[in-house]
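# Chains, contacts and geometry: an overview
This is what each chain is made of:
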Amino acid sequence: MKKLLYILFSLIPSFAFAQDGDKSVDKVQLIDSLYADFIGLEVQDLYDSAYVVLKKCYELDPEAAELNYQMALYDRMYAREDSTQAGEDAMTGVMEKLRKAYEKEPDNKKYVVTLLNASAETGDTTLVQPLLEHIVELDRTNEQYIYVLLRLYESKEEYEKELNLLNRLEEVTGSSTGIEMYRFDALRKTKGDKAALKYLNNLIKKSPQESQYYAALAYYYEEKENFKKAIPQYEKAMQLDPSEPNYQYSYIGCLEKMGNDAEARQQKLAIINNPKSSSELKVQLVRDLLEEFETEENGTERMMQMFRTALKQPQETTDLTQLYIGYMGMQKYSHDSIANALKDVLAIEPTNEDAYLFLLNYYESIDEKKLLAETCQQAIDNGVDKLEFYFYQGIYYYQLDDKDKALQAFQNAVANRKFANNPKLYAECYSLIGSIYHEKDSLEKAFEAYEECLKWDADNIETLNNYAYYLSVEGKDLERAEKMSKRTIIAEPNKGIYLDTYAWILYMMGRYDEAATYINKAIADTGNVSAEEYEHAGDIYYKLNEKEAAVAYWELALMKAEQEEGYDKAELERKIKTKKL
């Protein structure tokens, strides 16, 4: 495709920039040749290089409309990237170039549209209206610009122009309810209410099944605070289109003004249960009803029934679910009741992400790890395709000591590259994969996972520490291990486990004095020292020929090892007995 575009653009005729008689044939040919090069670079997405060539063209012919236009596009792009005053100043030059292109070729739609957009962007309102009017003249069938111009006339109260433009739009598209409603409003502001009402009543006679006409008449009466006349018009509109929530909502206002609160409440419930109602409108009305039911007998049960009925309808957001669970909490419902309510919600709306998260919080509070993992799987099976559910599932299986299922959950997470839009959590999955493989003694796979983790999050401290330590234990790539470990103690200079890792790497590198400095910091907090840290301290002091200190640390390590499952006490006992490494 790019090759085809290049061929097409390179066939631009030589008179493209030869409008002025004073240009030599050689100059015209040079400009044409450079412009073809510019197009070729553009289709290869080499924009910076293309800009350099374009500037040369522009310097040779600063009056050419197309060169002014193209220069303006590039200058505008670079100005947007510059948030300083220089960027704002550059827009002045952009506008000058676009104006010049437009003035030279005022009927070029491309120039008109770009100048229009740039004018709106820079707030130059003096140009917007004439440009809109011009583009509507150039393209009489473009409804987009006609409607923009209509709104502009309306905002500036130029109603006669609005009516004329509506007539033109009707010629292009034919009559429509939208045009007729615009015209009704414009007639009210130009000819007065009497003329507008006559027009609207004629529309109703002509199309008695069109609900919007009755709604418009109702809006008019409501605006005049004649609610008695507005109500029957709303009722006709709703009879013709019973699922339109805007009619229902406006009808509620009139009912309340007339003191008919019971019917108003029924209409609120109808809107809440209307699938076409927006989530925002539903939540607003639910909050209204919460206040109304609060002081009534059996109000809580009525509210709960309202929530259950409403949540049976498809929900565009989880706002109503959150309000439901929040209401149950406010009414001191038990955790089990809330969990059962959440299950009911998920039975109706199995993709409700918030309901799963609420349920996870509940199972977390009662330490139900198996149910936590199963709930994550339920969310995934029902199409809630979020990285968090794979991640949490892996954590819960790991806590259940099911490392195979935990590993599978994390691997499922990283297999979907779209989850990489959350790079830190994505990287954490790789980190945990690495740790599980290390526990399974699959060092090669563990190290591969750690490498992937650091690709996505180079500052993952746990991975930097673990990878560095395991490399040192294997005696591999010690210089890299030292650099990784050093980053962890810079990030958290008082964390014993990171200090111990760094001390051990220095030990493996033969830097015993430095190693002693860091192991001393690691074991300074005697309440949190592990058997391994004490054993490392003993090994380091042995290499410094301080054998009594070494044995003392090994003995401390043995005492700690008695409390730590799976620690190799036999090796410690040997060191203590022989007083040797």
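This is a predicted model, so every value here is computed, not measured.

The helix and strand tally for the protein chain stands at 32 helices and zero strands. Radius of gyration (C-alpha) of the protein chain: 37 Å, far over the 25 Å computed for a compact globule of 581 residues. Judged by the C-alpha coordinates and their principal axes, the protein chain covers about 110 × 90 × 40 Å. Summing over all exposed atoms, the protein chain offers an accessible surface of approximately 30500 Å²; the carbon and sulfur share of this is 49%.

Relative to the elements of secondary structure, S485 occurs in helix α27 (residues 478-491). Among residues more than four places away in sequence, those in contact with S485 are A468, Y498, T501, Y502 and I505.

A few words now on the packing of helix α12 (residues 211-223) against helix α13 (residues 227-240). When two helices pack together, their arrangement is given by the angle between the helix axes and by the axis-to-axis distance. Running from amino to carboxyl end, α12 crosses α13 at an angle of 160°, the nearest separation of the two axes being 8 Å. Classified by the interaxial angle, the pair formed by α12 and α13 is roughly antiparallel. With respect to the hand of their crossing, α12 and α13 are arranged in left-handed fashion. Counted together, S211, Y214, A215, L217, A218, Y219, Y221 and E222 of α12 and F227, K229, A230, Q233, Y234, K236, A237 and L240 of α13 form the full contact between these two elements. Its residues assigned to classes, the contact of α12 with α13 comprises eleven nonpolar, two polar and three charged.

Our next topic: the packing of helix α15 (residues 261-272) against helix α16 (residues 279-294). Following both chains from N to C, one finds α15 and α16 inclined at 140°, their axes separated by 9 Å at the closest point. Classified by the angle between their axes, α15 and α16 sit oblique to one another. The handedness of the crossing between α15 and α16 is left-handed. Residue-level inspection shows R265, K268, L269, I271 and I272 of α15 in contact with α16, the latter providing L281, K282, L285, V286, D288, L289, E292 and F293.

As a further point, take the nonpolar core. By size, the foremost hydrophobic cluster in this structure holds 170 residues, and its most contacted members are V286, M303, F307 and Y324. M303 has contacts with V286, L289, L290, F293 and Y327, leaving out every residue within four places of it along the chain. In terms of nonpolar packing, the next biggest core, distinct from the first, is built from 18 residues, I31, V43, L54 and Y58 among them.

So, about helix α22 (residues 387-399). Helix length check: α22, at 13 residues, gives a terminal C-alpha distance of 19 Å against a target of 18 Å (1.5 Å per residue), a fit within 8%. Of the positions making up α22, those classed as buried are L387, F389, Y390, F391, Q393, G394, Y396 and Y397. Buried residues along α22 sit against α20 (353-365), α21 (369-381), α23 (403-415) and α24 (423-439). Just past α22, the residue D401 takes up positive phi, approximately 65°.

Right, let's get into unusual backbone geometry. The phi torsion at E157 lies on the positive side, around 60°, for a residue other than glycine. Tracing the backbone through its elements, the reader meets E157 in the loop between α8 (143-155) and α9 (159-173). Even without being a glycine, N298 presents a positive backbone phi close to 60°.

For T488, the position within the fold is in helix α27. Residue T488 is classed as buried on the basis of its relative accessible area of 0%. Residues within four places of T488 in sequence aside, it is in contact with I461, L464, N465 and Y498.

A full pass over the atoms with the stated rule returns zero disulfides. Just so you know, C429 is unpaired, no disulfide at all, and the nearest cysteine sulfur is the one on C453, 9.5 Å from it.

A word on the confidence of the model for the protein chain. A residue-level look at the protein chain finds 94% of positions with pLDDT of 70 or above and a mean pLDDT of 87. Confidence over residues 1-22 falls short of pLDDT 50; this stretch has 29 contacts with residues more than four positions distant or in other chains.

Bringing the packing of aromatic side chains into the picture now. Within the structure shown, the criterion is met by 27 aromatic pairs. Seen from their ring centres, Y356 and F389 are 6.1 Å apart, and the 75° between their planes marks the pair as edge-to-face. Taken together, the residues Y356 in helix α20 and F389 in helix α22 connect sequence positions 33 residues apart. For F389, a relative accessible area of 1% puts it in the buried group. By the ring-pair criterion, three or more aromatic residues cluster together here, those being F447, Y450, Y467, Y469 and Y470. The ring of Y398 has K403 lying over it, and the distance from NZ or CZ to the ring centre is 5.6 Å.

With that settled, consider α12. Counting along an α-helix, one turn takes 3.6 residues, and residues three or four places apart therefore face a common direction. An ideal rise of 1.5 Å per residue puts 18 Å on 13 residues; α12 measures up with 18 Å between its terminal C-alpha atoms. For α12, the complete set of buried residues consists of S211, Y213, Y214, A215, A216, L217, A218, Y220 and Y221. Buried residues along α12 sit against α10 (177-190), α11 (193-206), α13 and α14 (245-257). The N-terminus of α12 is capped by E210, whose side-chain oxygen sits 3.2 Å from the backbone nitrogen of Q212. At the C-terminal side of α12, E225 shows a positive phi close to 60°.

Before going further, it helps to spend a moment on the pattern of salt bridges. In the structure shown here, the tally under the stated rule is 36 salt bridges. For E296, the salt bridge goes to R265, with nearest N and O atoms at 2.6 Å. One end of the pair, E296, is in the loop between α16 and α17 (299-310); the other, R265, is in helix α15, and 31 residues separate them in sequence. Where K403 meets E439, a salt bridge forms, and the shortest distance between an N and an O atom there is 3.6 Å. On the criterion of sequence distance, the pair formed by K403 in helix α23 and E439 in helix α24 is long-range, its members being 36 residues apart. A relative accessible area of 38% places E439 in the partly exposed class. Beyond isolated ion pairs, a larger network of salt bridges with shared partners links E256, R265, K268, E292, E296 and R302.

As a further point, take the environment of A237. Position of A237 relative to the elements: it lies in helix α13. For the pair formed by A237 and Q212, sequence separation is 25 residues and the distance between their alpha carbons is 6.8 Å. For A237, the contacting residues outside a window of four places in its chain are S211, Y214, A215 and Y247.

It is worth spelling out the environment of E103 at this point. Following the sequence through the fold, E103 ends up in helix α5 (residues 85-104). Overall, the relative accessible area of 58% leaves E103 in the exposed class. The sequence separation of E103 and V414 amounts to 311 residues, and the corresponding C-alpha distance is 56 Å.

Conventions and cut-offs
- Residues numbered from 1 in each chain as written.
- Predicted model: local features only at pLDDT ≥ 70, side-chain atom pairs only at ≥ 80, totals over all residues.
- Heavy atoms only, no water.
- Helix = DSSP H or I, 4+ residues; strand = E, 2+ residues; numbered from the N terminus.
- Rg over C-alpha atoms; globule rule 2.2 N^0.38 Å.
- Areas by Shrake-Rupley, 256 points an atom, 1.4 Å probe, with all protein chains shown as cover.
- Contact = heavy atoms within 4.5 Å.
- Axes fitted to C-alpha atoms, helices over the stretch in contact; angles between N-to-C directions.
- Parallel < 35°, antiparallel > 145°, perpendicular 65-115°, else oblique.
- Left-handed = near helix turned anticlockwise from the far one by under 90°.
- Nonpolar A, V, L, I, M, F, W, Y, C, P; charged D, E, K, R; others polar.
- Core = buried A, V, L, I, M, F, W, Y, C linked by side-chain atoms within 4.5 Å.
- Buried < 20%, exposed > 50% of the residue type's maximum accessible area, 1.4 Å probe, protein only.
- Expected span 1.5 Å × (residues − 1).
- Disulfide = S-S within 2.5 Å.
- pLDDT = per-residue confidence, 0-100.
- Phe/Tyr/Trp six-rings, centres within 6.5 Å; stacked < 30°, edge-to-face > 60°.
- Lys NZ or Arg CZ within 6 Å of the ring centre and 35° of its normal.
- Polar contact = N/O pair within 3.5 Å; in protein donor to acceptor, adjacent residues only side chain to side chain.
- Salt bridge = Lys/Arg side-chain N within 4 Å of Asp/Glu carboxyl O.

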